Amino acid sequence: MRLMKKVLILAALFLIAGTAIFFIADQGGNDGGREIDVYFLSKDSSVISAEKRRIDAENINDFCKKALEELIKGPSEKTHIPIMDKGVKIAGFKNDGGRVSVDFSEEYKKSGLLAAYAVVKTLCQIPDITAVCVTCGGKDATGSGFISGDEINLASDDDCATGLDLYFADSEKTKLVHEYRRVNITDKLPVEQYIVSELIKGPRNKNSERLLSPDTGILSVETTDGTCYVNFKQDFIGKNSAQESMGRLIIYSIVNSLTERDDVSNVQFLVDGKKTESFSGMRFDGLFYRNDTLIEK
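Criteria and cut-off values
- Residues numbered from 1 in each chain as written.
- Predicted model: local features only at pLDDT ≥ 70, side-chain atom pairs only at ≥ 80, totals over all residues.
- Heavy atoms only, no water.
- Helix = DSSP H or I, 4+ residues; strand = E, 2+ residues; numbered from the N terminus.
- Buried < 20%, exposed > 50% of the residue type's maximum accessible area, 1.4 Å probe, protein only.
- Contact = heavy atoms within 4.5 Å.
- Pairing = 2+ DSSP bridges.
- Axes fitted to C-alpha atoms, helices over the stretch in contact; angles between N-to-C directions.
- Salt bridge = Lys/Arg side-chain N within 4 Å of Asp/Glu carboxyl O.
- Parallel < 35°, antiparallel > 145°, perpendicular 65-115°, else oblique.
- Left-handed = near helix turned anticlockwise from the far one by under 90°.
- Nonpolar A, V, L, I, M, F, W, Y, C, P; charged D, E, K, R; others polar.

Trainee: Just give me the short version of the environment of Gly-137, but keep the residues and values in it.
Mentor: Tracing the backbone shows Gly-137 in the loop between β6 (131–136) and β7 (139–140). With relative accessibility at 48%, the residue Gly-137 sits in the partly exposed group. Sequence spacing of Gly-137 and Tyr-108 is 29 residues, and the spatial spacing of their C-alpha atoms is 9.0 Å. Not counting the four nearest positions on each side in its chain, Gly-137 is found in contact with Asp-103, Phe-104 and Glu-106.

Trainee: I'd like to hear about the sheet that holds strand β1 (residues 33–42), residue by residue, with values.
Mentor: Here we have three strands laid out as an open sheet, ordered β2-β1-β3, and antiparallel in their pairing. Looking at the sheet topology across the chains shown, the edges are occupied by β2 (48–56) and β3 (80–81). Here β1 pairs with β2 via nine bridges, running antiparallel. Looking across to β2, one finds that Asp-37 is bridged to Lys-52. In this fold helix α2 (residues 60–73) packs onto β1 and β2, with an angle of close to 35 degrees to the strand it touches most, β1. The sheet contacts of helix α3 (residues 113–123) involve β1 and β2, and relative to β1 the element is tilted by about 165 degrees.

Trainee: Got a sec to walk through the pattern of salt bridges? Specific residues and values, please.
Mentor: All told, the structure shown has 15 salt bridges when counted by the stated rule. Among the salt bridges present, the one from Glu-70 reaches Arg-53, with a minimum N-O distance of 2.8 Å. Placement of the pair is Glu-70 in helix α2 and Arg-53 in strand β2, with a sequence separation of 17 residues. A relative accessible area of 15% places Glu-70 in the buried class. Across the pair Arg-283 and Asp-285 runs a salt bridge whose closest N-O atoms are separated by 2.8 Å.

Trainee: Describe the packing of α2 against α3, and please don't skip the residues or the numbers.
Mentor: With their axes 10 Å apart at the nearest point, α2 and α3 run at an angle of 140 degrees to one another. With respect to each other, α2 and α3 are oriented oblique. In this structure, α2 crosses over α3, and the sense of that crossing is right-handed. Two secondary-structure elements touch here, α2 through Cys-64, Ala-67, Leu-68 and Leu-71 and α3 through Ala-118, Val-119, Thr-122 and Leu-123. Residues of the contact of α2 with α3, tallied by class, amount to seven nonpolar, one polar and no charged.

The values are spatial; any link to function lies outside them.
Here it is in structure tokens:
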């Protein structure tokens, strides 16, 4: 029994020592800090990418909370935009043997799926943190429960390239023209969201023209039972309104690009989570199906 107690005491001491080493071993420093990557949205809202942050903390849980506070605070580089609203608060935090549960306040609801992935990717850098579950008001924000950092690939990863068929405007902006593009897709983010993001970035072909405003914001893109729900931020209409002929091209550049996917048969547009009656003189609240007559032959 005494031997067992000694073993347990030694194990506890090693664990404490390991945690202490984590916080003092930083780039030659010894003040209890460490530099990590904190993830924010790219300027076009299509992917997450990192900024370096130095964090000082007394233990792993404190480190996690301070990393989350940095996420909420927002980016410092001009190439990034905030991943979540500054009004978001950490409503709950639990670390169960390296499986961390983070519950955010109601303000988090405005954040997209990428915000949850940014939380996971940021926290899973911390030693002994193996997976993260993000919730808002106690409800799972991803629908996937606990996610590990390895499950989320970044745009810089080389092994996740996927071919996409996209449609932009021709030089006269009267027809749609096809462009094939290979892009890196994260494991958890729907391919359909990347399609819309690439349309926002614009064409690479010099003879093609962009249709969507480059600062168009996406909240989510998800497909259920053949219907792809494209949910834009609330300023979508203001940033993309045009004459009816151009509005038609905008709509069908998205619809025709998405319906290249075998699992997408039609598209439902939402603005800030709600159906919107009209866009550029057209009905906008119904289902949209592929329109090949607009594609240049």
